Amino acid sequence: PETYPVATMIGQALGFARLVDELVLSTRKRCAVTTTGGSSGALRAWDDARYARTLVDTAGNAFACARARTLLQGCRVVTYTHYPLVNSDMEAAVRDGDTSAVHNRQGAGKGSWRTRLKLLYYGALARTYGAALRRTAAGGGFVLCNSTWTLGHVRSLMGGSVEPAVVFPPCSLEQLLAIPIERKKAPLTFLCVGQYRPEKQQRLLLDAWRDAGLSDARLVFAGGARGEEDLQRAEELRAAAMDDPAIEVLVNVSHAELLRLLASAHVGLHAMRMEHFGICVVEYMAAGCVAIAHDSGGPREDILAPRGVGYLASDRASYSAAIAEAAAMSTRERHAM
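Note that the structure is predicted; figures quoted are calculated from it, not measured.

Visitor: I'd love a proper account of the pattern of salt bridges, names of residues and values included.
Guide: Side-chain pairs of opposite charge can arise whenever the charged atoms involved come near each other. In total, this model carries 12 salt bridges according to the counting rule given. Of the charged contacts, one joins Arg218 and Glu248 as a salt bridge, the two residues approaching to 3.0 Å between their closest N and O atoms. Of the two residues, Arg218 is situated in strand β6 (residues 217–223) and Glu248 in strand β7 (residues 247–251); the sequence distance between them amounts to 30 residues. Residue Arg218 is classed as partly exposed on the basis of its relative accessible area, which comes to 24%. A relative accessible area of 32% places Glu248 in the partly exposed class. Linked by salt bridges that have partners in common, Arg203, Asp207, Asp211 and Arg316 make up one network.

In structure tokens, the structure reads:
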């Protein structure tokens, strides 16, 4: 957003394509061999022993992959999509004026001319993105997705021409699974792990936790800060806590401290809407916490709902109800879940 304040997604796509151009040019300088066509043919011939036959993209930028398929003739491309560049949920959020899922500029409210313009922009980008995904899959390429939610959107964008596949992201759980499931009965600890970004909705969780009216309970936020804006959001969360000793806001904790927090927590909170997978939710469960997550994305389709564990919520009232219900669980019920 700082580099491309307007048409950010197009700028990022072009940036990735440029990166592929630089990669191909550097590869050609190393791998080109002289042919009978003279110097002009040198860049068209390849030393098969050194020519890279597979390009693996883990950023999920289909435009770069399509560019690679065009420049590297015969090269097989594998792309792993974490979050579709544009999807129908984003379009619906723009249409409804929902800023919790997308970042609209001031004035881009529901029904405004900015909203209509942005929907046209998203529609055109979705069609181009789908074509790039199809180009990536052509010639034996693979389109992989990190969750069922991502799969659904990528499948829709590709138009059913090629079936993408799901490969869940790796979750390092050995240390978490070693944490004893037993916890001290009091205070009942609710833990929220996640960067201090707007879409993580920590303030919603703070308000919902207060609405639940719990006694002998504490709420801990442990998040990373990427820069000054994230640090400011953490300070605003502290201010909203109003010096309540039961609420703690921690920034950039060490891995050892995070493990200690997970080992003492009874319930894990997560409020990001349209979370593509939700590794944090898996980590809560592995550490022995009851998970409460947003009723969308990976937590709903792959983690909680399919297994009938944890709670799903969508707004302040439903989060408050889930928090109260989790707090009322007996130790045996929590262990069973």
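Visitor: Lay out a nonpolar patch on the surface in plain terms, naming residues and giving numbers.
Guide: On the surface, a nonpolar cluster with roughly 380 Å² of combined accessible area is contributed by Trp113, Leu117 and Leu120. With respect to the helices, strands and loops of the structure, Leu120 is situated in helix α4 (residues 113–137).

Visitor: Can you break down the layout of surface pockets residue by residue, with the values?
Guide: In this structure, the second largest pocket encloses a volume near 240 Å³. Take the lining of the second largest pocket: its biggest share by element is 3 residues, from helix α10 (residues 279–286). When the residues that make up the lining of the second largest pocket are grouped by side-chain class, the tally is 6 nonpolar, 6 polar and 4 charged.

Visitor: I'd like a rundown of the nonpolar core, residues and numbers included.
Guide: Within the largest apolar cluster, 31 residues are counted, with the highest numbers of intra-cluster contacts made by Phe221, Leu269 and Ile292. The element contributing the most residues to this core is helix α7 (residues 202–211), with 5 residues. Core analysis: the second largest hydrophobic core is formed by 26 residues, Leu176, Ala291, Ala293 and Val309 among them.

Reading guide: rules and limits
Residues numbered from 1 in each chain as written. Predicted model: local features only at pLDDT ≥ 70, side-chain atom pairs only at ≥ 80, totals over all residues. Heavy atoms only, no water. Salt bridge = Lys/Arg side-chain N within 4 Å of Asp/Glu carboxyl O. Helix = DSSP H or I, 4+ residues; strand = E, 2+ residues; numbered from the N terminus. Buried < 20%, exposed > 50% of the residue type's maximum accessible area, 1.4 Å probe, protein only. Patch = residues over 30% accessible without salt bridge, like charges linked within 9 Å, V, L, I, M, F, W, Y side chains within 5 Å. Areas by Shrake-Rupley, 256 points an atom, 1.4 Å probe, with all protein chains shown as cover. 1 Å grid on protein atoms, 1.4 Å probe; cavity = no way out; pocket = protein on both sides within 12 Å on 5 of 7 lines; lining within 4 Å. Points joined across faces, edges and corners; volume = space filled by probe spheres on them. Nonpolar A, V, L, I, M, F, W, Y, C, P; charged D, E, K, R; others polar. Core = buried A, V, L, I, M, F, W, Y, C linked by side-chain atoms within 4.5 Å.

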